[in-house]
Amino acid sequence: MSKTEVCPPVRNQFFRDARSRAPVFVVGCPRSGTTFLYHLLLSAGGFAIYRAESQVFNLLEPRFGDLSVASHKRALLAAWYRSPLFVKTGLNAGEIDRSVMLECRNGGDFLRLVMEAIGRRQGAERWADCTPEHLLYLERIKETIPDALIIHVVRDGRDVSMSLEKQGWIRPFEWDREHALEVAALYWDWIVRRGRAVGRRLGEDYVEVRYEELVQDPRGSMVFLSDFVGQNLNYDQVKKAGIGSVQRPNTSFPSDLQSEEFHPVGRWKHGLSEKQQAILDALVGDTLDELGYPTNDTGRSLWDRVSQRRMQSQYNAYFSTKLFLKTRTFLGTVLASKDLSWT
């Protein structure tokens, strides 16, 4: 698989048995196809089915703080029980309340206890999580769930940028309101680079897959990932189960489905003007090149270098500072609260 970073082979039966029970985290920049891969895994069978993003490390832990403190755990549970995140577990409070209060010491414990409870109810032996922005929390995930396996879904940043712009998820500064596409591209560049830098240090517990290959060769992708997760991911079973986006794509462009012209790979080639393509190549071309996506070197010179460097510097600093404040200071409670509309 030419655009997939191959993990080292699992060396013996001990490792294979351990991996066959280990939790799997599907991460990546939002709009990169993480939900699609997550639903492929769920459709293969053996995983507890939870059709939601847990948001434990990016929102719940920053919002509620040290979960070894009983009052913090009680506050988390009180808010969580009122949320769609709890409703979608299919559990009742009695199945999780006592174990969380007695055993939970951090976000990893909370997620493990919840997912294991779902697994017991469903008769599933393992579980997976799909919260895209957990890509920024790989160190915390491995610290609190040491056996976690990480699958990083990577997609062409120009396609991701178009989708993020359409969703309006990445907000530019007031003076850059006309540059939402460019800011989305810079976010893709920042989060992918940051995630890859940490992921490389995780050795055989981290792997990258290309969204384009998941779409164009799902059977081959499942064969590759079977070895990584230590479980046979039979594509015939995947097609038969057809959970979620395996059957109906999760797209920012629903008109494509209505017109039966759903082509998510390389949408940027006809969806962006030549000028827009040149600007994105200038802004994030180095990362695109590093990942093996084709760029146009000639087009990069068409955009003002001063503007390019200003945006790169400002937004990289902004994204990094916001993450630091959210994870390392008391402001994490405030920043996370803004994203938890149900608290």
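Quick caveat, the model's predicted, so the values are computed rather than measured.

What am I meant to see in the environment of Ala 148 here?
Tracing the backbone through its elements, the reader meets Ala 148 in the loop between α8 (138–144) and β3 (149–154). Separated by 124 residues in the primary sequence, Ala 148 and Val 24 place their C-alpha atoms 5.8 Å from one another.

How do you make sense of the nonpolar core when you look at a structure like this?
One broad trend across soluble globular proteins is that nonpolar side chains are buried collectively. Residues Phe 25, Leu 37, Trp 80, Phe 110 and Ile 151 are the most contacted members of the largest nonpolar core, which totals 98 residues. For this core, the leading source of residues is helix α10 (residues 180–199), giving 11 residues. Other than its neighbours up to four places away in sequence, Phe 110 contacts Val 56, Leu 60, Leu 76, Leu 77, Trp 80, Val 100 and Cys 104.

Got a minute to help me understand the packing of helix α9 (residues 157–167) against helix α16 (residues 274–291) in this structure?
When two helices pack together, their arrangement is given by the angle between the helix axes and by the axis-to-axis distance. Relative to each other, α9 and α16 sit at 130°, their axes nearing to 10 Å. Considered as vectors, α9 and α16 are oriented oblique to each other. Mapping the contact onto sequence places Gly 157, Arg 158 and Ser 161 in α9 and Leu 280, Asp 281 and Leu 288 in α16. In terms of residue class, the contact of α9 with α16 is built from two nonpolar, two polar and two charged.

Looking at this model, I keep getting lost on the side chain of Asp 159. Mind explaining?
Locating Asp 159 in the fold gives a position in helix α9. In this structure the side chain of Asp 159 is engaged in a polar contact, spanning 2.8 Å, whose partner is the backbone nitrogen of Trp 268. Those residues in contact with Asp 159 that sit more than four places away from it in its chain are Pro 264, Val 265, Gly 266, Arg 267 and Trp 268.

I keep staring at α9 and nothing clicks. Help me out?
In an α-helix there are 3.6 residues to a turn, and that puts residues three or four apart on one side. Buried residues dominate α9, accounting for eight of its 11 residues. Tucked inside the fold, the buried residues of α9 contact α10, α15 (268–271) and α16. One or two residues past the end of α9 sits Gly 168, with phi positive at roughly 70°.

For this particular structure, what's the right way to read α10?
Between the first and last C-alpha of α10 there are 28 Å, a value that for 20 residues agrees with the 28 Å anticipated at 1.5 Å per step. Summarising burial for α10: 17 of the 20 residues are buried, a large majority.

How should the pattern of salt bridges be read in this particular structure?
Proximity of charged atoms lets side chains of opposite charge pair with each other. One pass over the full model with this rule turns up 20 salt bridges. Here Lys 142 ties to Asp 205 by a salt bridge, and the two come within 2.8 Å at their closest N and O atoms. Taken as a pair, Lys 142 in helix α8 and Asp 205 in the loop between α10 and β4 (206–210) lie far apart in primary sequence, 63 residues in all. A salt bridge links Arg 310 to Asp 176, with the nearest nitrogen and oxygen atoms 3.1 Å apart. With Arg 310 in helix α18 (residues 305–328) and Asp 176 in the loop between α9 and α10, the pair connects residues that are 134 residues apart, well separated along the chain.

Honestly, the sheet that holds strand β1 (residues 24–27) in this entry has me stumped. Any pointers?
The strands making up a sheet are joined through hydrogen bonds of the backbone, oriented either antiparallel or parallel. With respect to topology, four strands assemble into an open sheet ordered β2-β1-β3-β4, the strand pairing being parallel. Unpaired on one side and paired on the other, β2 (128–130) and β4 mark the two borders of the sheet. Within this sheet the neighbouring strands show an average axis-to-axis angle of 20°, counted without direction. Strands β1, β2, β3 and β4 of the sheet are contacted by helix α2 (residues 34–44), whose axis makes an angle of about 155° with β1.

Would you take a moment to explain the packing of α10 against α16 for this structure?
The N-to-C vectors of α10 and α16 enclose an angle of 5°; their axes lie 10 Å apart at closest approach. In terms of orientation, α10 and α16 fall into the roughly parallel class. Residues Leu 181, Glu 182, Ala 185, Leu 186, Trp 188, Asp 189, Val 192, Arg 193 and Arg 196 of α10 form the contact with α16, whose participating residues are Gln 276, Ile 279, Leu 280, Leu 283, Val 284, Asp 286, Thr 287, Leu 288, Glu 290 and Leu 291. When the residues that make up the contact of α10 with α16 are grouped by side-chain class, the tally is 11 nonpolar, two polar and six charged.

How should the pairing of β4 be read in this particular structure?
Within a regular strand, side chains alternate between the sheet's two faces. Of all five residues in β4, five are buried, a share of seventy percent or more. The alternating pattern of β4 places Tyr 206, Glu 208 and Arg 210 on one face and Val 207 and Val 209 on the opposite face, and all of these are buried. Taken together, the five bridges between β3 and β4 define a ladder with parallel strand orientation. Among the inter-strand pairings, Val 153 is bridged to a residue of β4, identified as Val 209.

Here is what the cut-offs are and how they apply
- Residues numbered from 1 in each chain as written.
- Predicted model: local features only at pLDDT ≥ 70, side-chain atom pairs only at ≥ 80, totals over all residues.
- Heavy atoms only, no water.
- Helix = DSSP H or I, 4+ residues; strand = E, 2+ residues; numbered from the N terminus.
- Core = buried A, V, L, I, M, F, W, Y, C linked by side-chain atoms within 4.5 Å.
- Buried < 20%, exposed > 50% of the residue type's maximum accessible area, 1.4 Å probe, protein only.
- Contact = heavy atoms within 4.5 Å.
- Axes fitted to C-alpha atoms, helices over the stretch in contact; angles between N-to-C directions.
- Parallel < 35°, antiparallel > 145°, perpendicular 65-115°, else oblique.
- Nonpolar A, V, L, I, M, F, W, Y, C, P; charged D, E, K, R; others polar.
- Polar contact = N/O pair within 3.5 Å; in protein donor to acceptor, adjacent residues only side chain to side chain.
- Expected span 1.5 Å × (residues − 1).
- Salt bridge = Lys/Arg side-chain N within 4 Å of Asp/Glu carboxyl O.
- Pairing = 2+ DSSP bridges.

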